[in-house]
Amino acid sequence: MRTVIRERLYLFDTTLRDGAQTNGVDFTLHDKLAIAGMLAELGIDYVEGGYPGANPIDSELFAADRKLDTTFTAFGMTRRPGRSTSNDPGLAALLEARADAICFVAKSWDYHVHVALETTLEENLASIRDSVRAAKAKGREVLLDCEHFFDGYKANPSYALACAQAAYEEGARWVVLCDTNGGTLPHEVEAIVREVVKHIPGDHVAIHAHNDTEQAVANSLAAVRAGARQIQGTLNGLGERCGNANLISIIPTLKLKPEFAAFEIGVSDEKLKSLAQVSRTLDEMLNRAPNRHAPYVGESAFVTKAGIHASAILKEPATYEHVPPAAIGNRRQVLVSEQGGRANVLFELDRIGIAVDKDDPRVPRLLDVIKERQTAGYAYEAADASFELLARRALGKVPNFFDVGKFDVHVEHRINAKGERITVTLAVVKVRVGNDDLISAAEGNGPVNALDLALRKDLGKYQKYIDRLKLTDYRVRILNTGTEAVTRVLIESEDENGEHWTTVGVSPNIIDASFQALMDSIVYKLVKAGAPA
Ligand SMILES: [Zn+2]
């Protein structure tokens, strides 16, 4: 057997530093430690934690006992112009931080040296050399971020290169070429990196791309083709403005595309299968809905809608997929849609574990019901749990757990004793469970919330199954179905095991539509939990 020696390509994550610059993102110390742990676990070589000394959370993060299997990196400025390294408090804090590596940021565009730093080109080079030397003396691995490298190179190639070379010659492990404004195009990145690696070996050159022309991933890969051997990016492309290069897209491309088979990265095949989960975990921490259309990991990334495709997919999945979805922990899905035929329905029934003969007469009947309800506004492609209930009911497999005899929602807007305008909502629900009539009332911050609380307050013997059910998302859309406007409500729920599902309700009345979706969510949970009839 011949051993193929693959070239090592390194991954550097800056979610905690550059990603933290995103509008509306505010990581706590706990978040930062959890994300760093997740990145180390995934196999990311370098995790940039932030700026020690610049804010209390980052100082605590660097002081914390982290025990992470990754090169934990501190970020900060080179020494200020006109000062010595020993007389710069910012640099001192950086050098003292408990980090494995230090990433300095320095100007490499002559225009910025003059205008922003207000110093000479030679003093900027001296600052780079002195800072790298000081960090090396502290035993740290050193990286130098060459800010605005590509714009700088276009303006003055020899000076941009001189900045990079100064760091490399002083012993920096990596020279990072930053497309700080994010406006450089892939062919330009490739051409410039090719020039750089004539002077600095490619296994010391890194690429740091921003996504302002939506080509940060393409720019990163172009740099690798030209010889760079470290890619910097963030989870889900988090970052200021349009974001940074998205490691969640870059990692599977490097792992699964033959063009990059000559490279080895720190992420194993096994860990690659956790990628979809890693992406969703970050969204959860940020309280953001995951991007359904995210490449590789999005819920829609391996979804097929049309009927002819569905039958081909059933025969041979690879015909309509560029990579196998399970490799990144995603799944194949064939949408039950208006265009879909019997093959789609059979595929979905099989996926949710309902065994049915392909010639079963109930299948075309179910298909008719689906089409009819979709015309009325139900969106089963988004509401997997409602689809499953519809299918199970058509096949006679959902017990009648309880009946809602009536409900009443009362909204009152008034002025309270303090003279403030307030809105109070009260919902009352009458439920029959077995032979018991149960009446519950609840106040909520709105009619749907009150109804949800009242409905789930007392379900008798089923209460224990739904106690830890949570509503995690609620989306409303007004649809024009031709004759009248109706409201479609999608509700996302989560249970104690972290499982998510979505249900749908449609009605001219928003409360009624919400009620249908709530009912489906509870019944779905009872079915999943195997609650007795
Ligand atoms: Zn950046």
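Engineer: Hey, could you run me through the overall build of the protein in this one?
Structural biologist: Scanning the protein for helices and strands turns up 19 helices and 18 strands. Overall size of the protein, expressed as C-alpha extent along the three principal axes, is 85 × 70 × 45 Å. In the protein, the proportion of contacts linking residues at least 24 apart, taken out of those at least 6 apart, comes to 65%. Of the roughly 24400 Å² of accessible surface on the protein, a fraction of 49% belongs to carbon and sulfur atoms. Both charge centroids of the protein, one from 62 positive and one from 73 negative side chains, sit 4 Å from each other.

Engineer: How should I be thinking about helix H15 (residues 362-376) in this particular structure?
Structural biologist: Quick reminder: α-helices carry 3.6 residues per turn. Residues three or four places apart thus point the same way. With 15 residues, H15 extends 21 Å from end C-alpha to end C-alpha; this agrees with the ideal 21 Å at 1.5 Å per step. Residues Val-363, Leu-366, Leu-367, Ile-370 and Gln-374 constitute the buried set of H15. Projection of H15 onto a plane perpendicular to its axis shows the buried side chains occupying an angular sector of 100 degrees, all on one side. Projecting away from the buried face of H15 at angles above 90 degrees are the exposed residues Arg-365, Glu-372 and Thr-375. Lining the buried residues of H15 we find helix H14 (342-351) and helix H16 (384-394). Positive backbone phi, at 120 degrees, marks Gly-377, one or two positions downstream of H15.

Engineer: So what exactly am I meant to see when it comes to the sheet that holds strand S16 (residues 470-480) here?
Structural biologist: Two pairing modes exist for strands in a sheet, parallel and antiparallel, and in both the strands are linked by backbone hydrogen bonds. Spatial ordering of the open sheet is given by S16-S17-S18, a layout of 3 strands whose pairing is antiparallel. Edge positions in the open sheet fall to S16 and strand S18 (500-507), since each of these has one partner strand only. Taken pair by pair, the neighbouring strands of this sheet meet at an average axis angle of 15 degrees, ignoring direction. Pairing of S16 with strand S17 (residues 485-494), which is carried by 10 bridges, proceeds in the antiparallel orientation. Across the sheet, the residue bridging to Asp-473 is Glu-492, located in S17.

Engineer: Hey, could you run me through the coordination of the zinc ion in this one?
Structural biologist: Bound to the zinc ion are the protein donor atoms Asp-18 (OD), His-208 (NE2) and His-210 (NE2), situated 1.9 to 2.2 Å from the metal. For the zinc ion, all donor residues lie on one chain, and their spacing in sequence is D-x189-H-x1-H. Taken together, the positions of Asp-18 in the loop between strand S2 (10-13) and helix H1 (29-42) and His-208 in strand S8 (residues 205-209) put the pair 190 residues apart, joining distant regions of the chain. Across the pair, His-208 and Asp-18 agree in class, each one buried.

Engineer: Quick question: what am I supposed to make of the packing of aromatic side chains here?
Structural biologist: Given two aromatic rings, one states the distance between the centres and the angle between the planes to describe the pair. For the structure on display, the rule yields 13 aromatic pairs. A ring pair is formed by Phe-260 and Phe-263, whose centres lie 6.4 Å apart and whose planes are at 35 degrees; its orientation type is tilted. You'll find Phe-260 and Phe-263 in the same group, each marked buried. Between Phe-401 and Tyr-462, the aromatic rings sit 5.4 Å apart at their centres with planes inclined by 80 degrees, giving edge-to-face as the arrangement. With a gap of 61 residues between them, Phe-401 in the loop between H16 and strand S13 (403-415) and Tyr-462 in the loop between helix H17 (447-455) and helix H18 (463-466) connect regions that are remote in the sequence. With relative accessibility at 1%, the residue Tyr-462 sits in the buried group. Among the aromatic residues, ring-to-ring pairing joins Phe-149, Phe-150 and Tyr-153 into one connected group. A cation over a ring is seen here: Arg-173 above Tyr-10, with NZ or CZ 5.8 Å from the ring centre.

Engineer: How should I be thinking about the pairing of S18 in this particular structure?
Structural biologist: Of all 8 residues that make up S18, 7 are buried, and the element is covered over most of its length. Inspection of the sheet shows S17 paired to S18 by 8 bridges, in the antiparallel sense. Within S18, the residue paired with Glu-492 across the bridge is Thr-502. With antiparallel pairing between neighbouring strands as the criterion, S17 and S18 make up a hairpin whose turn holds 5 residues, including Gly-498 at a positive phi of roughly 80 degrees.

Engineer: Explain the nonpolar core to me, please; I cannot follow it from the model alone.
Structural biologist: Where a protein is soluble and globular, its nonpolar side chains tend to be buried together. Leu-11, Phe-149, Ile-251 and Leu-254 are the most contacted members of the largest nonpolar core, which has 86 residues in total. For this core, the element with the most residues is helix H7 (residues 157-170), which contributes 7 residues. With sequence-adjacent residues up to four places away left out, Leu-11 is seen in contact with Ile-44, Asp-45, Tyr-46, Ile-231, Leu-247, Ile-251, Leu-254, Ile-265 and Val-267. Formed by 35 residues, the second largest nonpolar core is a distinct cluster that contains Leu-459, Ile-511, Met-519 and Val-523.

Engineer: Got a minute to help me understand the packing of helix H5 (residues 121-137) against H7 in this structure?
Structural biologist: Helix-helix packing: each pair is described by the crossing angle between the helix axes and the interaxial distance. It is the contact of H5 with H7, at a shortest axis distance of 8 Å, that shows an interaxial angle of 25 degrees. Accordingly, the angle class assigned to the pair H5 and H7 is roughly parallel. Considering only the axes of H5 and H7, their crossing is right-handed. Residues Leu-121, Asn-124, Leu-125, Ile-128, Arg-129, Val-132, Arg-133 and Lys-136 of H5 lie in contact with H7, whose contacting residues are Tyr-159, Ala-162, Cys-163, Ala-166, Ala-167 and Glu-170. Split by residue class, the contact of H5 with H7 holds 9 nonpolar, 1 polar and 4 charged.

Engineer: For this particular structure, what's the right way to read the packing of H15 against H16?
Structural biologist: It is the contact of H15 with H16, at a shortest axis distance of 10 Å, that shows an interaxial angle of 140 degrees. With respect to H16, the element H15 is oriented oblique. Considering the relative orientation of H15 and H16, their crossing is right-handed. Only Phe-387, Leu-390, Ala-391 and Ala-394 of H16 make contact with H15, whose side of the interface consists of Arg-362, Leu-366, Val-369, Ile-370 and Arg-373.

Engineer: For this particular structure, what's the right way to read the sheet that holds strand S3 (residues 46-50)?
Structural biologist: Taken in spatial order, the 8 strands close into a barrel running S2-S3-S4-S5-S6-S7-S8-S9, and their pairing is parallel. Across the sheet, the mean angle separating the axes of adjacent strands is 25 degrees when strand polarity is ignored. With 5 bridges joining them, strand S7 (residues 174-179) and S8 adopt parallel strand pairing. Within S8, the residue paired with Val-175 across the bridge is Val-205. Helix-sheet contacts for helix H10 (residues 247-256) involve S2 and strand S9 (230-233), and the interaxial angle to S2 is about 170 degrees.

Cut-offs used in this document
- Residues numbered from 1 in each chain as written.
- Predicted model: local features only at pLDDT ≥ 70, side-chain atom pairs only at ≥ 80, totals over all residues.
- Heavy atoms only, no water.
- Helix = DSSP H or I, 4+ residues; strand = E, 2+ residues; numbered from the N terminus.
- Contact = heavy atoms within 4.5 Å.
- Areas by Shrake-Rupley, 256 points an atom, 1.4 Å probe, with all protein chains shown as cover.
- Lys, Arg positive; Asp, Glu negative; His and termini not counted.
- Charge placed at Lys NZ, Arg CZ, Asp CG, Glu CD.
- Expected span 1.5 Å × (residues − 1).
- Buried < 20%, exposed > 50% of the residue type's maximum accessible area, 1.4 Å probe, protein only.
- Arc of directions from axis to C-beta.
- Pairing = 2+ DSSP bridges.
- Axes fitted to C-alpha atoms, helices over the stretch in contact; angles between N-to-C directions.
- Donors = N, O, S within 2.8 Å, 3.2 Å for Na, K, Ca; no water.
- Phe/Tyr/Trp six-rings, centres within 6.5 Å; stacked < 30°, edge-to-face > 60°.
- Lys NZ or Arg CZ within 6 Å of the ring centre and 35° of its normal.
- Core = buried A, V, L, I, M, F, W, Y, C linked by side-chain atoms within 4.5 Å.
- Parallel < 35°, antiparallel > 145°, perpendicular 65-115°, else oblique.
- Left-handed = near helix turned anticlockwise from the far one by under 90°.
- Nonpolar A, V, L, I, M, F, W, Y, C, P; charged D, E, K, R; others polar.

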